[in-house]
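One-letter residues, chain by chain:
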Amino acid sequence: MERKEKQKVVIAGGGTAGWMVAAGLSRTLGNLLDIKLVESDEIATVGVGEATIPSLVLFHRLLEINEQEFMAATQGTFKLGIAFDNWRELNHDYIHSFGTTGKDHWTAGFQHFWMKGRERGLAGDYGDYCLELKAAQENRFAHLPRIGMNYAYHIDAGLYAKFLRKFSEPLGVQRIEGKIVEVTTDPGSGDIRSIKLGSGTEIEGDLFIDCTGFRGLLIGQTLKVDYNDWSHWLFADSAVAAQTESTGDAVPYVRCTARDSGWQWRIPLQHRVGNGMVYCSRYISDEQARQTLLENVKGALLTEPRVIKFRPGQRNVHWKNNCIAVGLSSGFIEPLESTSIHLIQRAIIRLLQLFPQHGINPVDVAEFNQQMNAELEHIRDFIVLHYHVTNREDTPFWRACRDMEIPESLRHRIDLFRESGRVFRGPNELFAENSWIQVMLGQGITPKQHHPSADLMGDAELSRFLGDIKTTVDRTVAQLPSHQAYVEQYCKAPDTRTAAAR
Ligand SMILES: Cc1cc2nc3c(=O)[nH]c(=O)nc-3n(C[C@H](O)[C@H](O)[C@H](O)COP(=O)(O)OP(=O)(O)OC[C@H]3O[C@@H](n4cnc5c(N)ncnc54)[C@H](O)[C@@H]3O)c2cc1C
């Protein structure tokens, strides 16, 4: 019988992106592929990227990753949402949580019934009707398989790459240590033929996955794919990151606190806390940002603050010839809603769906690029919303955010919600209606009217409807254990420093 040669896939780079690609390909198409991953101990990974969104839970299920092992190995904690402090105005806060709020009617989302309830003095806060949000506020967590708790993870980025390496190597992925110093292309087709390492070793491939981070060694430096810069909408171009000791129990959410010229994150893990400031260098120097971060972290520093520069935007195409950019090499939208790791897994799933088994088909490439582009633009709009819809005018940065021209697609969404409380989710859009509603309300947009369906309910019926949902949420939350206790019994990491730090 004729033995078909395995297709050679070369993954350049071994950060979160590289190892997620290795895990995804080896678990699914592993038998058909010869997968090599090249990474260099000389070139550090970006070392951040520790907050995720619920799609990672699904990705791990597809890969049949054991959640308890994964969480213990990555010092993981659970995430139910993001707390936004000082975004709408100083001393105001709200939570964008995972999950759903209330119950929708097929003609109109829950927000319309809630708005009517507010008008009639019958409704509490919008968040009172969301299990995940209330659980986050009370620092509680459990899986609740019957009801369905929507959650994601906080993970140690370095440990996650190590965990995925351990997962992928037994599935046949061959890791090669070395620095890529040269990339050879075919003069006719422009395809990448091979990469050459400092040691002189040459690695040939049929398909190359560029996971070399911001460098974009293959997609940018070799194939010259240009970059679509979004800095006129996303002003932040820098971050300074530092790790600190935990000072208390890990909370099940990320805290994002708006500062004068950017914002600060706080991500609680089992053994430490990840902190950082994202800022715009036109308004604040690296040193000032570093100072702001240091003045606002809790707990002793475990690492010196480290500045990271980036350019908001995306490659004009993510897939060119036989090279697919995944991770930071393909573009970067700042981490406000923890979307980068999600985009890595979306790229992997799209690659699997469009896998070039019998040669590369331009129409598959176009489909991949179109889908990635649409998803990134949608995420971009969602992030710009947080900055633009604000009452803050206390600093030049916030005034510039308020005054900027926003993308037309976002303008339409804001106008639709402001006028009629309506929100629709399009195909390939990550953020569902409830995310948009939570952030638009949180940032201070009050719709002018609700849907007439809500008027079909009299006060007594509406009050009962809202009250029943709230009672169910409150009762469920009251039965949950504390997040810290749940983590300790479910997935405690070895040698956790949390206890010592407390
Ligand atoms: C400030 C900041 C905060 C972030 N926070 C979040 C977050 O909370 N949630 C989230 O989802 N995402 C976040 N991200 C994004 C997240 O960090 C990345 O998506 C993720 O880490 C993937 O990075 P990467 O693997 O593409 O690149 P990297 O981690 O930079 O890895 C690049 C790899 O390429 C290798 N390499 C490079 N050049 C060569 C060469 N010449 N030869 C051999 N190997 C080479 C390196 O050794 C390394 O292994 C954040 C990003 C930043 C900048």
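Refer to the structure presented above.
One structure accompanies this document, and this report is about it. Predicted model only: the values in this text are computed from it and were never measured. Numbers given for residues are sequential positions, taken from 1 along each chain in its written order. Thresholds applied to this predicted model are a pLDDT of at least 70 for local features of residues and 80 or more for the giving and counting of side-chain atom pairs; totals over whole chains, interfaces and linings are not thresholded and use all residues. Computation of side-chain values: all heavy atoms of the structure, hydrogens and water removed.

Helix and strand content of the protein: 16 helices and 21 strands. In terms of principal-axis extent, the alpha carbons of the protein reach across some 75 × 55 × 50 Å. Counting all 502 residues of the protein, 57% fall into the buried class. Taking the intrachain contacts of the protein between residues at least 6 apart in sequence as the baseline, contacts between residues at least 24 apart amount to 77%. The secondary structure listing takes helices from DSSP runs of H or I that are at least 4 residues long and strands from runs of E that are at least 2 residues long, numbered from the N terminus. Buried residues are those whose accessible area, probed at 1.4 Å on protein chains only, stays under 20% of the maximum for their type, while exposed residues exceed 50% and partly exposed ones sit between those limits. Note on definitions: a residue-residue contact is assigned when non-hydrogen atoms from the two residues lie within 4.5 Å.

For each structure, a 1 Å grid was placed over the protein atoms alone; sets of points admitting a 1.4 Å probe that cannot get out are labelled cavities, open sets with protein on both sides within 12 Å along at least five of seven lines are labelled pockets, and lining residues have an atom within 4 Å of a point. Grid points are joined across faces, edges and corners, and a volume is the space filled by probe spheres set on the points. If you walk through the whole model with that rule in mind, you get 2 cavities of 30 Å³ or more. Lining of the largest cavity is provided by 14 residues; of these, Gly327, Ser330, Gly331, Ser340 and Leu343 occupy positions nearest its centre. The set of elements that each furnish at least two residues to the lining of the largest cavity consists of strand S21 (331-332), helix H9 (340-353) and helix H10 (362-388). With 4 residues, the single largest contributor to the lining of the largest cavity is H9. Only Asp, Glu, Lys and Arg are considered charged in this grouping, and only Ala, Val, Leu, Ile, Met, Phe, Trp, Tyr, Cys and Pro are considered nonpolar; every other residue, Gly among them, is considered polar. Residues that form the lining of the largest cavity fall into these classes: 8 nonpolar, 6 polar and no charged.

In this section: the sheet that holds strand S10 (residues 202-204). Strand order in the open sheet made by the 3 strands is S8-S9-S10, with antiparallel pairing throughout. The outermost strands of the open sheet, each flanked by one partner alone, are strand S8 (180-185) and S10. In this sheet, neighbouring strand axes are inclined to one another by 20° on average, regardless of whether the strands run parallel or antiparallel. Pairing analysis gives 3 bridges linking strand S9 (residues 192-197) to S10, with the strands arranged antiparallel. Paired with Ser194 across the strands is Glu204, a residue of S10. When DSSP finds two or more bridges between a pair of strands, those strands are recorded as paired. Helix axes use the C-alpha atoms of the stretch in contact, all axes being lines fitted to C-alpha atoms, and the angles between their N-to-C directions lie in the range 0 to 180 degrees.

Next up on the list: the packing of aromatic side chains. Between the rings of Phe, Tyr and Trp (Trp by its six-membered ring), a pair exists once the centres lie within 6.5 Å; its type follows the angle of the planes, with under 30 degrees stacked, over 60 edge-to-face, and the other angles tilted. A full pass over the atoms with the stated rule returns 33 aromatic pairs. Pairing Tyr151 with Tyr153 gives two aromatic rings, centres 5.9 Å apart and planes at 75°, and the pair type is edge-to-face. Take Tyr151: its relative accessible area is 6%, and that puts it in the buried class. Members of the aromatic cluster, each reached through a chain of ring pairs, are Phe84, Trp87, Tyr94, Phe235, Trp263, Trp265, Tyr283, Tyr387, Phe397 and Trp398.

Phe78, Trp87, Ile209 and Tyr387 are the most contacted members of the largest nonpolar core, which has 136 residues in total. Ranked by residue count, the leading element in this core is H10, at 10 residues. Ignoring any residue separated from it by four or fewer positions in sequence, one finds Ile209 in contact with Val9, Val10, Ile11, Ala12, Val21, Ile324, Val326 and Leu351. Nine residue types can take part in a nonpolar core, namely buried Ala, Val, Leu, Ile, Met, Phe, Trp, Tyr and Cys, and a core is a set of them joined through side-chain atoms within 4.5 Å. Residues Ile176, Leu218, Val225 and Ala325 belong to the second largest nonpolar core, which totals 17 residues.

Quick look at the environment of Arg392 now. Among the structural elements, Arg392 can be located in the loop between H10 and helix H11 (396-403). Among the residues examined, Arg392 registers a relative accessible area of 2% and is labelled buried. Along the primary structure Arg392 and Arg402 are separated by 10 residues, whereas in three dimensions their C-alpha atoms are 8.0 Å apart. Sequence-distant contacts of Arg392, defined by excluding residues within four places in its chain, comprise Asn86, Trp87, Arg88, Glu89, Leu90, Ala258, Arg259, Asp260 and Trp398. Engagement of the side chain of Arg392 in a polar contact is seen with the backbone oxygen of Asn86, the distance being 3.1 Å. As used in this structure description, the phrase polar contact means that two N or O atoms lie within 3.5 Å; if the pair is within protein, one of them must be able to donate a hydrogen and the other to accept it, and residues adjacent in sequence are counted only when both atoms belong to side chains.

Let us look at the pattern of salt bridges. Here a salt bridge means any side-chain nitrogen of Lys or Arg lying within 4 Å of a carboxyl oxygen belonging to Asp or Glu. Here the structure, examined in full by the defined rule, presents 30 salt bridges. Its salt-bridge partner being Arg255, residue Asp85 comes within 2.6 Å of it at the nearest N-O pair. Linking Asp85 in strand S4 (residues 81-85) with Arg255 in strand S14 (residues 254-259), this pair joins segments that are 170 residues apart in sequence. A residue is classified by how much of its surface remains accessible, and Arg255, at 29% relative accessible area, is partly exposed. Put simply, Asp156 and Arg272 hold a salt bridge, and the shortest N to O gap is 2.9 Å. Taken as a pair, Asp156 in the loop between strand S6 (152-154) and helix H6 (157-168) and Arg272 in the loop between strand S15 (262-268) and strand S16 (273-279) lie far apart in primary sequence, 116 residues in all. The buried category is assigned to Arg272, whose relative accessible area is 4%. When salt bridges with common partners are traced through the structure, they connect Glu39, Asp41, Arg175 and Glu177 into a single cluster.

With mixed pairing, 7 strands are arranged side by side in an open sheet as S5-S4-S14-S15-S16-S13-S17. Strands at the two margins of the open sheet, each flanked by one partner only, are strand S5 (93-97) and strand S17 (306-309). For this sheet, the mean angle separating the axes of adjacent strands, direction not counted, is 20°. Packing of helix H8 (residues 286-296) onto the sheet brings it into contact with strand S13 (238-244), S14, S15, S16 and S17, and relative to S16 it is tilted by some 145°.

The nearness test applies per residue and asks whether one of its heavy atoms lies within 4 Å of the molecule or strand. In the vicinity of the ligand there are 33 residues, among which Gly14, Ile43, Ala51, Ile180 and Ile341 approach most closely. The separation between an oxygen atom of the ligand and a polar main-chain atom of Ala17 is 3.0 Å. A distance of 2.7 Å separates a nitrogen atom of the ligand from a polar backbone atom of Ala51. Burial of the ligand by the protein amounts to 98% of the accessible area it has alone, namely 1,000 Å². At the level of secondary structure, the elements contributing two or more residues to the shell around the ligand comprise helix H1 (16-29) and H9. Here the shell around the ligand takes 3 residues from H9, the largest share from any one element. Within the shell around the ligand, the residues separate by chemical class into 16 nonpolar, 13 polar and 4 charged. To measure how exposed things are, a 1.4 Å probe is used in the Shrake-Rupley method; for residues, cover is taken only from the protein chains shown.

Next up on the list: the packing of H1 against H6. Look at H1 against H6: their axes get within 9 Å of each other, and the N-to-C directions meet at 25°. In terms of orientation, H1 lies roughly parallel with respect to H6. At the point where H1 passes H6, the crossing takes the left-handed sense. Of the residues in H6, those touching H1 at Thr16, Trp19, Met20, Ala22, Ala23, Ser26 and Arg27 are Ala157, Tyr160, Ala161, Leu164, Arg165, Phe167 and Ser168. Here roughly perpendicular refers to angles of 65 to 115 degrees, roughly parallel to angles under 35, roughly antiparallel to angles over 145, and oblique to all remaining angles. Here a crossing is taken to be left-handed if its near helix is turned anticlockwise relative to the far helix by less than a right angle, and right-handed if that turn runs clockwise.

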